[in-house]
Amino acid sequence: MFGHLRAFAGDPIFRLGEAFHADPRDLKVNLTVGLYYDEQGRLPLLDVARRAEKAWADKALPRAYLPIEGLSDYREQVQKLVFGPNSKALAENRVATIQTLGGTGALKVGGDFLHAAYPESEMWISDPAWDNHHAIFRGADITTHTYRYYDSATRGLDFEGMVQDLKQLPEYSIVLLHPCCHNPTGVDLEDAQWLDIIAVLRERNLIAFVDMAYQGFARGLDEDAFAIRAMDEAGLTFLVANSFSKNFSYYSERCGGLSVVCQSAEEASRVLGQLKAVARRIYSNPPSHGGQAIATVLADPDLFAEWKNEVEAMRTRIADMRQKVYDRLQKAAPEYDSSYFIKQRGMFCYTGLTMQQLETLRQKYGVYIIDSGRISMPGLNDDNVDYFVQSLVAVLSDPELQ
């Protein structure tokens with residue numbers, strides 16, 4: 001009956017990760033999947049999360065279904081974290097928020113919701129982008145396109161091109177935006193540039209869908225939400241997907257949120273109903289375990305302060321590793337412009353390496369980087385950063401690979 005189906009080629013990032021683990025060499029470096037590793041190369045379990053989990057488990061409560069929209073405490077804490085204490089929309093009850101299955105689940109629910117509300121609208125996504133963005137929204141029957149974003153010559157932002165493209169979009173077009181730690185490039189807009197983009201969104205009557213998967217990993221928890229809070233201040237209607245996979249190191253718990261900022265409390269109530277209807281059709285109810293722990297940590301001032309310090313430590317380690325790579329490349333290959341390592345932000349660094357260079361790094365040196373040339377910076381630590389730099393310099397200086 002299913003003989004006509006094609007084989008699934010697998011996710012290219014996870015496939016490379018599997019190749020790394022199968023590599024028998026002792027000296028090898030995994031810079032593929034977007035996971036935060038500590039200095040010892042381990043995936044951390046945050047102590048605040050562990051204690052919150054235990055406190056909830058000790059209550060031995062029945063495991064009944066959660067409401068379709070999720071835990072009320074969790075949703076409230078998501079709103080406070082994302083929109084901040086001075087949010088006009090929160091003060092006026094104009095935000096509809098549901099608990100989702102990670103940030104990916106938030107994108108899926110948001111895509112289905114938008115397609116039902118604006119079936120003719122199409123979506124514009126940055127070029128380049130996380131590949132799954134196109135897959136998710138095409139799966140919601142939304143046609144996707146790209147707008148200019150990355151300048152390969154400078155390894156920075158093509159802001160002029162981005163603005164020009166957005167100014168040409170039809171009314172009610174959907175625009176996917178990263179408020180911080182752009183995936184895959186690590187190239188972010190400055191605050192003043194965000195204000196210009198917000199003016200374009202308002203002028204063209206565009207629907208902004210903001211995907212914040214790495215809050216706290218660029219400049220800080222509040223600073224990384226600047227674009228969202230500026231959109232709130234400007235009175236826009238927009239969507240926000242957020243995730244706790246990275247900043248809670250909670251990948252398997254699939255904890256995220258989808259928030260829709262509306263123009264009135266009555267509109268927000270209707271939007272919340274439609275979000276629940278979409279979630280009901282997909283998975284009915286979110287899981288409880290991770291959400292309970294996150295709600296506990298974010299609501300308790302002491303636990304929140306401790307968690308904030310944990311996030312800052314992760315952010316600082318990533319920034320320090322960027323600086324170490326840059327410093328070493330400055331000495332080993334001064335003619336090579338490695339400044340992008342410290343100009344880009346967050347977990348990812350876009351190198352511009354060619355496919356031939358990437359293949360050589362994998363085959364000859366055991367340094368695994370995905371085909372786009374994106375590096376996951378937390379894969380580096382004091383034990384492997386020198387080897388990585390040596391391998392990179394060898395590839396960059398090989399005339400056959402230019």
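Residues numbered from 1 in each chain as written. Predicted model: local features only at pLDDT ≥ 70, side-chain atom pairs only at ≥ 80, totals over all residues. Heavy atoms only, no water.

## Some remarks on the overall build of the protein
Helix and strand content of the protein: 15 helices and 13 strands. Judged by the C-alpha coordinates and their principal axes, the protein covers about 65 × 55 × 55 Å. The buried share among the 402 residues of the protein stands at 56%. For the protein, restricting intrachain contacts to residue pairs at least 6 apart in sequence, the fraction spanning at least 24 positions comes to 74%. For the protein, the exposed area adds up to about 18100 Å²; of that, 51% sits on carbon and sulfur atoms. (Helix = DSSP H or I, 4+ residues; strand = E, 2+ residues; numbered from the N terminus. Buried < 20%, exposed > 50% of the residue type's maximum accessible area, 1.4 Å probe, protein only. Contact = heavy atoms within 4.5 Å. Areas by Shrake-Rupley, 256 points an atom, 1.4 Å probe, with all protein chains shown as cover.)

## Quick notes on a nonpolar patch on the surface
A contiguous nonpolar patch, built from Met1, Phe2 and Leu5 and spanning about 450 Å² of accessible area, is present on the exposed surface. As for its position among the elements, Leu5 is in the segment before α1 (12–22). By relative accessible area, which is 54% here, Leu5 ends up exposed. (Patch = residues over 30% accessible without salt bridge, like charges linked within 9 Å, V, L, I, M, F, W, Y side chains within 5 Å. Salt bridge = Lys/Arg side-chain N within 4 Å of Asp/Glu carboxyl O.)

## Digging into the packing of aromatic side chains
As enumerated under the stated definition, the model contains 15 aromatic pairs in all. Aromatic pair Phe83 and Phe238: ring centres 6.5 Å apart, planes at 50 degrees, arrangement tilted. Of this pair, Phe83 sits in helix α3 (residues 72–83) while Phe238 sits in strand β9 (residues 238–243), and the two are 155 residues apart along the sequence. Here the two residues Phe83 and Phe238 agree in accessibility, since each one is buried. Consider the rings of Tyr150 and Tyr350, whose centres lie 4.9 Å apart with planes at 85 degrees: the pair is edge-to-face. One end of the pair, Tyr150, is in strand β5 (residues 150–151); the other, Tyr350, is in strand β11 (residues 348–350), with 200 residues separating them in the sequence. A relative accessible area of 11% places Tyr350 in the buried class. (Phe/Tyr/Trp six-rings, centres within 6.5 Å; stacked < 30°, edge-to-face > 60°.)

## Thoughts on the state of the cysteines
Here a disulfide denotes one covalent bond, and it connects the sulfur atoms of two cysteines. Inspection of every chain in the model, using the stated rule, returns 0 disulfides. For Cys255, which is in no disulfide, the shortest distance to another cysteine sulfur is to Cys180 and amounts to 18 Å. Judged by its relative accessible area of 3%, Cys255 falls in the buried class. (Disulfide = S-S within 2.5 Å.)

## A word on the sheet that holds β9
Taken together, 7 strands build an open sheet; the order of strands is β2-β10-β9-β8-β7-β3-β4 and the sheet is mixed. The open sheet has two edge strands with one neighbour each: β2 (95–101) and β4 (144–148). For this sheet the average axis-to-axis angle between neighbouring strands, irrespective of direction, equals 25 degrees. Note: strand β3 (residues 123–127) against β4, 5 bridges, orientation parallel. Directly across from Met123, in β4, lies its bridge partner Thr144. Contacting β2, β8 (207–212), β9 and β10 (255–261), α3 crosses the sheet at an angle of about 110 degrees to β2. (Pairing = 2+ DSSP bridges. Axes fitted to C-alpha atoms, helices over the stretch in contact; angles between N-to-C directions.)

## Comments concerning the pairing of β2
In terms of residue burial, β2 counts as a mostly covered element, since 6 of its 7 residues are buried. In this structure, β2 lies alongside β10, joined through 7 bridges in antiparallel fashion. Among the inter-strand pairings, Gln99 is bridged to a residue of β10, identified as Gly257.

## So, the environment of Arg270
Residue position: Arg270 is located in helix α10 (residues 265–282). Note: C-alpha distance between Arg270 and Ile375 (105 residues apart in sequence) is 42 Å. Here Glu266 takes part through its side chain, which lies 2.6 Å from a polar atom of the side chain of Arg270. (Polar contact = N/O pair within 3.5 Å; in protein donor to acceptor, adjacent residues only side chain to side chain.)

## Section: unusual backbone geometry
Excluding glycine, a negative phi dihedral is what most residues carry, and trans is how most peptide bonds are arranged. In the segment running from Asp127 into Pro128, the intervening peptide bond is cis, with an omega of 5 degrees. Relative to the elements of secondary structure, Pro128 occurs in the loop between β3 and α6 (131–139). Between Asn183 and the following residue, Pro184, the backbone shows a cis peptide bond with an omega angle of 20 degrees. Along the chain, Pro184 falls in the loop between β7 (174–177) and α8 (191–204). Phi is positive for Ala60, close to 50 degrees, though the residue is something other than glycine. For Ala60, the location among the structural elements is in the loop between α2 (47–58) and α3. Positive phi outside glycine occurs at Asn205, with the angle close to 55 degrees. With respect to the element layout, Asn205 can be found in the loop between α8 and β8. For Asn205, a relative accessible area of 30% puts it in the partly exposed group.

## Thoughts on the side chain of Ser284
When you line up the elements, Ser284 lands in the loop between α10 and α11 (289–299). Residue Ser284 is classed as buried on the basis of its relative accessible area of 16%. Side-chain polar atoms of Ser284 contact the side chain of Arg280, separated by 2.6 Å. If sequence neighbours within four positions are ignored, Ser284 has contacts with Ile68 and Ala279.

## A short note on the pattern of salt bridges
Here the idea is simple: oppositely charged side chains can pair when their charged atoms come close. Summed over all chains, the structure comprises 22 salt bridges. For Arg25, the salt bridge is made with Asp23, and the minimal N-O distance between the two is 2.7 Å. Classification of Arg25 by relative accessible area gives partly exposed; the value is 29%. For Asp23, a relative accessible area of 8% translates into the label buried. When the shortest N-O distance is used, the salt bridge between Asp191 and Arg219 registers 2.9 Å. Taken together, the positions of Asp191 in helix α8 and Arg219 in the loop between β8 and α9 (226–234) put the pair 28 residues apart, joining distant regions of the chain. The class for Asp191 is partly exposed, based on a relative accessible area of 24%.

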